[in-house]
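Here is what each chain is made of, one letter per residue.
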Amino acid sequence: MIYDNQQISLTKEHWFAACSVEDAVINGGVCVKHGNEQIALFYFTRRNEWYATQNLCPHKKQMALSRGMLGSKNEEPKVACPFHKKTFSLVTGQCLSGDECDIKTYPVKVENGTVFIKVDTKEP
Amino acid sequence: MKVVVIGNGMVGQKFCEKLLSKSISNLQLTVFGEETLAAYDRVHLSSYFAGKTVDDLTLQPVKWYEENGIDLRLGDPVQDIDRDKKTVTSFDGLTLTYDYLIFATGSAAFVPPIPGVDKHGVFVYRTIEDLNMIWRHAPVTKTAVVIGGGLLGLEAAKACLDLGIKDTHVIEFAPRLMPRQIDEAGSEILIQKLKDLNITTHTGKNTAAILGNEKISGMIFTDGSILSTDMLIISAGIKPRDELARACGLTVGPRGGIVVNDSMLTSDENIYAIGECALHNSMVYGLVAPGYEMAEVTATRLAGSEKEFPGFDMSTKLKLIGVDVASFGDPFIAGEEAKTIVFRDNHQGIYKRINFSNDGKELLGGVLVGDADAYNMLLQICKNKMALPPDPMDLIIKGKEGKSDAGAGVVALPDDALICSCEGVTKLDICNAVTESGCETVDAIKKCTKAATGCGGCAPMVKDIMVHTMKQQGKMVRNVLCEHFDYSRQELYDLIKMKDLHSFDTVLDELGKGDGCETCRPAISSLIASLWNELIVKKENATSQDTNDRFLANIQKGGTYSVVPRIPGGEITPDKLLVIAQVAKKYNLYTKITGGQRIDMFGAHVSDLPLIWEELIEAGFESGHAYGKALRTVKSCVGSTWCRFGLHDSVSYAIRVEERYRGLRAPHKIKSAVSGCIRECAEAQSKDFGIIATEKGWNLYVCGNGGSKPQHALLLATDLDSDTCIKYIDRFLMFYIKTADPLTRTATWLNKMEGGIDYLRNVVVHDSLGIADELEKEMQTLVDNYQCEWKAAIENPEIRKRFNHFVNAPQEKDPTVQFDTFRGQKKAAEWNKPIAVS
Ligand code: SRM
Ligand SMILES: Cc1cc2nc3c(=O)[nH]c(=O)nc-3n(C[C@H](O)[C@H](O)[C@H](O)COP(=O)(O)OP(=O)(O)OC[C@H]3O[C@@H](n4cnc5c(N)ncnc54)[C@H](O)[C@@H]3O)c2cc1C
Ligand code: SF4
Ligand code: FES
């Protein structure tokens, strides 16, 4: 168990069940719907790590990052947008190719075969 | 030391960078900018219309100024200067004292006093805000006029075309275009070239008034003629922004510009002026490179060292897409002082003129229109007074086929040759970056020296110098893939084959390090596909494919995809046409006949792709691999079955060829065509391999290319029978697949091949390497392994699942996808609408 139930009820933050581990794509991403929000969920199988970011690529405002390609720069895990290959750190959300805006990241955890993502507010 | 800079344009920003690099202690740097945006790349302003964003153009983000302790005050112009008290006061009322004041106020567009210039629809072309206003006006514009046929005017005219304004005119007062750079004959060719782009030129015309009530409706000229128009862009020259300098009593020139000496000092010893607002030796420089040099001089002097501005060369190259124009040195010098050679090709629209000294030893200047490839080299020869070849004509006539003299060119350059004039980087600086700082890529050199980071025109030369220096050092110039693999593509091909590796991860484990990236994943995936021709979307490899291969369709603006079924040779039955029509209607797809003789359906939601393909496959279609680095189309002309000139049945042969190589993965896409006779209606000589019928059989051409650098294919073998022709193509393609770098088309591959077409012919036709049998066998294996990947995909539920947009709501489509209607069909919604600034 990574979190403590008490704390959750105190803050507005909320873990929601996104999908099952089998639904995720090996070394790739899927798009998760949370209300009107689109979240890109990545299963970096090679590193055995999970990440989640906004699905919107800030470059041309395309809902595309979940279809992006995973990789690393030095040791930092990153995703490349399929449109123009701008890359973003999966850890910090920082844009790694120049001055483009950074993206939002979300904490992820896996419990009993289900993938949870932590968001700011409960489903609207 | 308190330094205040007025103006945050290109030169003002560069000055900040240069001053910081001098590490002056106790520096307090304040910058006032009138525009609300941090300094941006004005030189590439027009690319804003071609999709670049404000962010792309911004030189340094606001964060950078903060991090370096610069107090940047945007949207707050300086309004008053008290030179006795040494203070400036801004529009917002802030008053600051300075030790040194720097004018970097640039210039404004010069607007001639024509009656009516204040009407709605009249613009200038200088800032991003100007461009936003033009953009907003464009949708209601049918005809646009640009006043001014100089460098900037022509750029503005091209921008009008890019905005979709079909009817664009350029008005020039002088009898020719670009009067300051090119001569009469060059102008004639340029006018013809512009006409091909749909830009009408009117020279020797003087505007009398602008017509219309509130909004512009037309223009009347001094000769009485009238031109109706909805938009006017004035680009008649620049006017230095010296109003503030004038008001505080600094000396300004009779026609404007803040007078400076060789130290960039104005008439006040604490005030400098740099960039386009400065008047040096009666000259205002309307280019960025001299401005950067002025910034360097001023920064150096503030740091306590000596440096002077020597004046600057005004050579220029126009960035218009589709028309090359350049001039260097003294383009006009003639008569007794110089000899001139002119090369003119009216048919291709090429004009080149070079002027050299009477003794034939020195290049003095010249003009290039239609083909400016030689510009960089000529400029260097001219500036460095390098020796000319015995026949100077060789300088402007393309070297003999396949032989490039670029490598030889850089060797002859002296060490102090200025390669990047924007950043003042010499040949020696670049050599040192290689030998001392260990730079081995152009990117590394850019970081280390800043060369090629300005206008970028010198990038090819920087690369040549780098490669040459590395070779001199005995370093192997290796095209390693990326940080994860220390091998070239060709080495990897052999290793993957030898070790029998079938997935990206196993290749990475065995041969690489780290986790891969967007460069090596698709490259390795393409190798694996070329080697084994297994299903490209199989589980462990799917996410290492470029997005188009991963979803077996080309991604489009907005995130929808296109669907292109194979139509071999361009032949299709009416029944199959009906199926395409039905599918397109059912899934609401935009349809278009492509340039490759087939039909593209655009705008499919990702989740509709399997459904669409299910219907197409049911009707006998298969994937057209329009998304893959694979064989695309084999175009055909109608041939001997109908055409009265046809020698053989080109359609049947095209179908045979297309079906043989369909789905073949290669370093880049491959295209082909078959023509039934020498009239060449299928354009086979522009293809990667092209086949033309002769009386006795087929002629085989290879390594042609359309695209941005068109190149004709070269004749490989003549009068072949159908089977031999296939055999040669097998060998040719397999040799290409095994030896080319990633994303290299056959034309570029051949251009880099030592020995050129003769070598290739020896390998393919005369089997000089003794590998012909092996090549043919390998190709046969790939041909035998072919399967339609869409068929495989729809039959596999695991793979089908991946085509849902939402993993947790598979039945829902992406609600952000939007379309507009357009000529009775749909189109993708624009993704780069102008954003409002201020
Ligand atoms: C649809 C089509 C334009 C049309 O409406 O006619 C087209 C559309 C695209 N072309 Fe093309 N090209 C099309 C014929 C051509 C041709 C003409 C031909 O094949 O005879 C050429 C010049 C010939 C050549 O390639 O040598 C051509 C030269 C290019 C190039 C430049 C290649 C080069 O070597 O410079 C690119 C860019 C690239 O591949 O990197 C490109 C890339 C593209 C892409 C894939 C750009 C992209 O990544 O989105 C376009 C996507 C289409 C889609 O989503 O389906 N397209 N493209 C044509 C499809 C033909 C087909 O049936 O498959
Ligand atoms: C469309 C276009 C294409 C061009 N193409 C090329 C090219 O290909 N090659 C080339 O070499 N050059 C080119 N140029 C010219 C190049 O952009 C200029 O030489 C360069 O920008 C000059 O830099 P600057 O800093 O002197 O002036 P600017 O970039 O104009 O910056 C001056 C800044 O000072 C501000 N300012 C003015 N008064 C005040 C005040 N009182 N207080 C505060 N701020 C003030 C202005 O608003 C402006 O932001 C092009 C220009 C344009 C417009
Ligand atoms: S030329 Fe080809 S790549 Fe360019 S816009 Fe047309 S279809 Fe797209
Ligand atoms: S839209 Fe993502 S990189 Fe351009």
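Since the structure is predicted, the reported quantities are computational estimates derived from the model, not experimental observations.

Criteria and cut-off values
- Residues numbered from 1 in each chain as written.
- Chains lettered and ligands numbered in written order.
- Predicted model: local features only at pLDDT ≥ 70, side-chain atom pairs only at ≥ 80, totals over all residues.
- Heavy atoms only, no water.
- Helix = DSSP H or I, 4+ residues; strand = E, 2+ residues; numbered from the N terminus.
- Buried < 20%, exposed > 50% of the residue type's maximum accessible area, 1.4 Å probe, protein only.
- Contact = heavy atoms within 4.5 Å.
- Areas by Shrake-Rupley, 256 points an atom, 1.4 Å probe, with all protein chains shown as cover.
- Core = buried A, V, L, I, M, F, W, Y, C linked by side-chain atoms within 4.5 Å.
- Domains from an automatic or database assignment.
- Polar contact = N/O pair within 3.5 Å; in protein donor to acceptor, adjacent residues only side chain to side chain.
- Axes fitted to C-alpha atoms, helices over the stretch in contact; angles between N-to-C directions.
- Parallel < 35°, antiparallel > 145°, perpendicular 65-115°, else oblique.
- Phe/Tyr/Trp six-rings, centres within 6.5 Å; stacked < 30°, edge-to-face > 60°.
- Buried area = accessible area lost by both parts, 1.4 Å probe.
- Salt bridge = Lys/Arg side-chain N within 4 Å of Asp/Glu carboxyl O.
- Nonpolar A, V, L, I, M, F, W, Y, C, P; charged D, E, K, R; others polar.
- Near = heavy atom within 4 Å.
- pLDDT = per-residue confidence, 0-100.

A. Local environment of the overall build of chain B. Across its full length, chain B holds 26 helices and 38 strands. For chain B, the proportion of its 838 residues judged to be buried stands at 54%. Considering only residue pairs separated by 6 or more positions, chain B has 63% of its internal contacts joining residues 24 or more positions apart. Within the structure as shown, chain B displays about 36800 Å² of accessible surface, and the carbon and sulfur contribution to it stands at 50%.

B. Quick look at the nonpolar core. Residues and elements named next belong to chain B. The biggest cluster of nonpolar side chains holds 90 residues, and the ones touching the most others in it are F15, I81, L101, F103, M264, I274 and I419. In terms of residue count, the dominant contributor to this core is helix 8 (residues 288-302) (7 residues). Mapped onto the domain boundaries, this core takes at least three residues apiece from domain 1 (2-108 + 240-302) and domain 3 (417-477). Once residues lying within four places of it in the same chain are set aside, the contact partners of M264 are I271, Y272, A273, I274, A278, M294, V297, T298 and F309.

C. Molecular detail of the side chain of S263(B). All names here are of chain B. Relative to the helices and strands, S263 resides in the loop between strand 18 (258-260) and strand 19 (271-273). Taking relative accessible area as the criterion, S263 reaches 10% and is therefore assigned buried. Among the polar contacts listed, one links the side chain of S263 to the side chain of R301, at a separation of 3.4 Å. Not counting residues within four places of it along the chain, the set of residues in contact with S263 comprises Y272, V297, R301 and K307.

D. View of the packing of helix 14 (residues 489-499) of chain B against helix 21 (residues 722-739) of chain B. All names here are of chain B. Running from N to C, helix 14 and helix 21 point in directions that differ by 100°, and their axes come no closer than 7 Å. Taken together, the axis directions place helix 14 and helix 21 in an arrangement best described as roughly perpendicular. Where helix 14 approaches helix 21, its residues R489, Q490, Y493 and K497 are matched on the opposing element by M734, I737, K738 and T739.

E. Representation of the packing of aromatic side chains within the structure. Residue and element names in this part refer to chain B. A full pass over the atoms with the stated rule returns 18 aromatic pairs over all chains. Ring geometry for Y48 and F49: centres 6.4 Å apart, planes at 40°, overall tilted. Look at W790 and F803: their rings are 5.3 Å apart centre to centre, the planes differ by 40°, and that puts the pair in the tilted class. One end of the pair, W790, is in helix 25 (residues 789-794); the other, F803, is in the loop between helix 26 (797-801) and strand 37 (819-822), with 13 residues separating them in the sequence.

F. Quick look at the interface of chain A and chain B. Between chain A and chain B, the residue contacts involve 42 residues of the former and 46 residues of the latter. Each partner contributes to the roughly 3600 Å² buried at the junction of chain A and chain B, and carbon and sulfur atoms together form 48% of this total. By the criterion of area lost to chain B, the three top residues of chain A are R46(A), R67(A) and M69(A), representing 23% of everything that side buries. Summed over the shared surface of chain A and chain B, the result is 8 salt bridges. Residue D515(B) pairs with R46(A) through a salt bridge whose shortest N-O separation is 3.6 Å. Here chain A and chain B share 26 residue pairs in polar contact (both at pLDDT 80 or more) between them. Partitioned by chemical class, the residues of the side of chain A that touches chain B number 15 nonpolar, 14 polar and 13 charged.

G. Spotlight on unusual backbone geometry. In this structure, N48(A) takes a positive phi of about 50° despite not being glycine. In this structure, N48(A) sits in the loop between strand 3 (37-44) and strand 4 (49-54). Classification of N48(A) as exposed rests on a relative accessible area of 59%. A positive phi angle is found at L743(B), which is not glycine, with a value near 55°.

H. Quick look at the site of ligand 1. Residue and element names in this part refer to chain B. Around ligand 1, the surrounding shell holds 21 residues, and the nearest of these are Q556, G595, D600, K669 and G706. In the environment of ligand 1, an oxygen atom lies 2.6 Å from a nitrogen or oxygen atom belonging to the side chain of T594. The contact in question runs from an oxygen atom of ligand 1 to an N or O atom on the side chain of K671, over 2.9 Å. Broken down by secondary-structure element, the contributors of at least two residues to the shell around ligand 1 are strand 31 (599-604) and strand 32 (631-636). Residue composition of the shell around ligand 1, grouped by class: 1 nonpolar, 12 polar and 8 charged.

I. A look at the confidence of the model for chain B. Residue and element names in this part refer to chain B. Overall, the prediction assigns chain B a mean pLDDT of 89, with 96% of residues at 70 or greater. With pLDDT under 50 throughout, residues 834-838 is counted as low confidence; its partners more than four residues away or in other chains account for 13 contacts. On the interface metric, ipTM, the complex scores 0.70, and its pTM is 0.55.

J. Layout of the environment of V288(B). Residue and element names in this part refer to chain B. Among the structural elements, V288 can be located in helix 8. Of the residues examined, V288 reaches a relative accessible area of 17% and is grouped as buried. Distance in space between the C-alpha atoms of V288 and S421 is 9.3 Å, their sequence separation being 133 residues. In contact with V288, not counting residues within four places along its chain, are M10, V43 and C422.

K. The confidence of the model for chain A, seen in detail. Across chain A, the average pLDDT comes to 86, with 85% of residues at or above 70. When the criterion is pLDDT under 50, residues 1-10 of chain A qualifies, and its contacts beyond four places in sequence or with other chains add up to 8 contacts.

L. Structural detail: the environment of D719(B). All names here are of chain B. Along the polypeptide, D719 turns up in strand 36 (residues 714-720). Residue D719 is classed as partly exposed on the basis of its relative accessible area, which comes to 34%. Those residues within four positions of D719 in sequence are excluded, and the remaining contacts are T694, K696, G697, W698 and N699.

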